[in-house]
Amino acid sequence: MTVRVGVLGATGAVGQRLIQLIDPHPDFELAAVTASESSAGKSYREAAKWRIDAPIPDHIAEMEVVATDADEVPDDVDLIFSSLPSSVGAEVEPEFCEAGYVVSSNSSNGRMDEDVPLVIPEVNADHLDVLEVQRDERGWDGALLKNPNCSTITMVPPLKALDEAYTLTDVTVSTLQAVSGAGYSGVTSMEIIDNAIPHIGGEEQKMESESRKLLGSFDGAEVHLHDMGVAASCNRIATIDGHLENVWADTADDVTAEDAAETMAELPSIDLPSSPETLIEVFEEPERPQPRLDRSLGNGMTVSAGGFRETDDGVQFNCLSHNTMRGAAGASVLNGELLAEHGYI
Ligand SMILES: NC(=O)C1=CN([C@@H]2O[C@H](COP(=O)(O)OP(=O)(O)OC[C@H]3O[C@@H](n4cnc5c(N)ncnc54)[C@H](OP(=O)(O)O)[C@@H]3O)[C@@H](O)[C@H]2O)C=CC1
Ligand SMILES: N[C@@H](CC(=O)OP(=O)(O)O)C(=O)O
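This is a predicted model, so every value here is computed, not measured.

Trainee: What is the right way to read unusual backbone geometry from this model?
Mentor: Across the chain, the bulk of peptide bonds are trans and the bulk of non-glycine residues have phi less than zero. Put simply, Arg288 and Pro289 share a cis peptide bond, and its omega is 0°. Relative to the helices and strands, Pro289 resides in the loop between strand 12 (280-282) and helix 11 (291-294). A positive phi angle, close to 60°, is found at Asp194, a residue other than glycine. Note that Asp194 resides in the loop between helix 8 (189-192) and helix 9 (203-214). Positioned with a positive phi, Asn299 is a non-glycine residue whose angle comes to about 55°. Topologically, Asn299 is positioned in helix 12 (residues 297-300).

Now the structure itself:
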């Protein structure tokens, strides 16, 4: 089955990654690219400041960028990927859903809404059926599915492994986040070179709330948040891609460093085209994972972990993932594959 797809915000940092993933995708065919009014009417080549180290596929370079409006997207598009600034997403995503489009969104608006599923397919695919509640409540033919924040996505698969085996009680995390997370015009070179910035607006709150929703349970009517405590501290550093995180996970049951590592290495992946064969790559070397060396594992979809150490209440470890692949575009594409597998498109 070929699914015709559109990308909202196709010229941005995440939008370009979406194009890169959709072009060779076995089941998806790109049919529409949207951006702001200032890009509408231009060819994709003219509108996008292409920053990926592989050329823009020729046929996509010549596509016309249209305004981000449901009337501008062909009716035979089955699936929309959204990578808009969240203020724009909050306005237009519901309009697309109301017009009948199924939307897999990477933008942060609505992630904690009770009738919006927030999903990492390898972690909580069962939450997808929140869409039934959403359709009942909102009367949409379309649907809105979200993937989480890129820093949250990095730590949640390792936490899922620990929670299944030892039950998490408290999590503390400190991040070292790449500049691509802020988008192309997010931080200037004068701000970040020879520097680190110990503040990323709203990021800590997202990690603290989204992780509890992802590891929560869905009873068929609502998602109950996990009752663990989560405290986050977020920092921007001068890497291009790849968020590295130091995590302290307290558990109800005793856990050794070796057992924690083994539990993570054994967390299964799933059978979707964009899922990596190994979901969590566990390193024995204490200095791994590192952004430059490990962000591209599993085509940027593998999470890596290492540096395991027992603490008084649980275990400490480091983890890493590619923020624009596993943390953004890859996450949305994987959610699109899940929607197709479950018959939502
Ligand atoms: N970068 C990352 O690692 C991650 C980003 N995200 C989220 O993904 C979303 C996109 O981020 P990113 O790609 O980095 O952002 P960019 O700023 O790089 O791209 C934004 C995109 O949205 C379009 N756009 C901007 N304003 C409007 C508007 N008023 N109407 C229609 N389209 C508009 C832009 O078009 P134009 O080119 O015409 O301006 C561009 O295509 C954000 O919500 C971000 O928080 C989430 C996880 C990770
Ligand atoms: N804030 C993240 C990226 C991002 O845009 O996250 P969100 O999808 O939650 O808005 C970062 O700076 O690395």
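Now, onward.
Trainee: Just checking my understanding: could you explain the UniProt feature "active site" (unreviewed entry) in the protein for this structure?
Mentor: The UniProt record annotates "active site" (unreviewed entry) at Cys150 and His243. Spanning 94 residues, the named residues nonetheless gather at one spot, since no C-alpha pair among them exceeds 7.9 Å. Position of Cys150 relative to the elements: it lies in helix 7 (residues 150-166). Not counting chain neighbours up to four residues away, the residues in contact with Cys150 comprise Gly181, His243, Asn323, Gly327 and Ala328. Secondary-structure assignment places His243 in strand 11 (residues 243-251). Of the residues examined, His243 has 31 C-beta atoms within 10 Å and is grouped as buried.

Trainee: What's the story with the site of ligand 2 in this structure? I'm lost.
Mentor: Around ligand 2, the surrounding shell consists of Ser86, Ser108, Asn149, Cys150, Gln177, Gly181, Ala182, Ile200, Glu203, Lys206 and Asn323. Here the shell around ligand 2 spans two domains, since at least three of its residues come from each of domain 1 (3-149 + 328-341) and domain 2 (150-322).

Trainee: Would you explain helix 4 (residues 86-98) in this entry?
Mentor: Each α-helix winds once per 3.6 residues, and so residues spaced three or four apart point in a common direction. Relative to the 18 Å expected for 13 residues at 1.5 Å per residue, helix 4 spans 18 Å between its end C-alpha atoms, a close match to the ideal helical length. Of all bends in helix 4, the biggest is about 30°, found at Val92, and the proline Pro94 comes one to four residues later. Of all the positions in helix 4, only Gly89, Val92, Glu93, Phe96 and Cys97 are classed as buried. Against strand 4 (79-82), strand 5 (102-105) and strand 6 (143-146) lie the buried residues of helix 4. Within two residues after helix 4, Gly100 carries a phi angle of roughly 105°, on the positive side.

Trainee: Is there a simple way to explain the sheet that holds strand 6 in this structure?
Mentor: In a beta sheet, neighbouring strands pair by backbone hydrogen bonds and run either parallel or antiparallel. Reading across the sheet, the six strands line up as 3-2-1-4-5-6 and stay open at both edges, with parallel pairing between neighbours. In the strand order of this sheet, the two ends are held by strand 3 (65-67) and strand 6, each with one partner. Looking at each pair of strands side by side, their axes are set apart by 30° on average, direction ignored. Pairing geometry for strand 4 and strand 5, over four bridges, is parallel. From the neighbouring strand, Leu79 faces strand 5, where its bridge partner is Val102. Sheet contacts for helix 4: strand 4, strand 5 and strand 6; angle to strand 5, the most-contacted strand, approximately 150°.

Trainee: How should I be thinking about the sheet that holds strand 14 (residues 314-321) in this particular structure?
Mentor: Pairing in this open sheet of six strands is mixed, and the strands run 10-7-11-14-13-12 from one edge to the other. Pairing within the sheet leaves two strands with one partner each, and these edge strands are strand 10 (229-233) and strand 12. Averaged over all adjacent pairs, the angle separating strand axes in this sheet is 25°, with direction ignored. Summarising the sheet, strand 12 and strand 13 (residues 303-310) pair through three bridges and their orientation is parallel. By the bridge assignment, Ile280 is partnered in strand 13 with Val303. Taken strand by strand, helix 10 (residues 257-265) contacts strand 12, strand 13 and strand 14, and its axis lies near 165° from that of strand 13.

Parameters and conventions
Sequence order sets the numbering: in each chain, residues are counted from 1 along the sequence as written. Whichever chain is written first is A, and whichever ligand is written first is 1; the rest continue in order. Thresholds applied to this predicted model are a pLDDT of at least 70 for local features of residues and 80 or more for the giving and counting of side-chain atom pairs; totals over whole chains, interfaces and linings are not thresholded and use all residues. Counting from the N terminus, the helices are the DSSP runs of H or I reaching at least four residues and the strands are the DSSP runs of E reaching at least two. UniProt positions are given in the numbering used here, feature names are shortened, and annotations may be inferred rather than shown by experiment. Contact definition: two residues whose C-beta atoms, as placed from backbone geometry, lie within 7 Å. Counting other C-beta atoms within 10 Å of its own, a residue is labelled buried from 20 upward, exposed at 12 or fewer, and partly exposed in the gap between, with every C-beta atom placed from the backbone. In this entry, near means the residue's backbone-placed C-beta atom lies within 6 Å of the molecule or strand. For the domains described, the bounds stem from an automatic or database domain assignment. Helix span, as expected, comes to 1.5 Å for every residue beyond the first. Bend, at a single residue, is the angle you get between axes fitted to the 7 residues ending at that residue and the 7 residues starting at it. A strand pair is defined by DSSP finding two or more bridges across the two strands. Structural elements are reduced to axes, namely lines fitted to C-alpha atoms, with helices fitted over the stretch in contact, and the angle between N-to-C directions of any two is expressed from 0 to 180 degrees.

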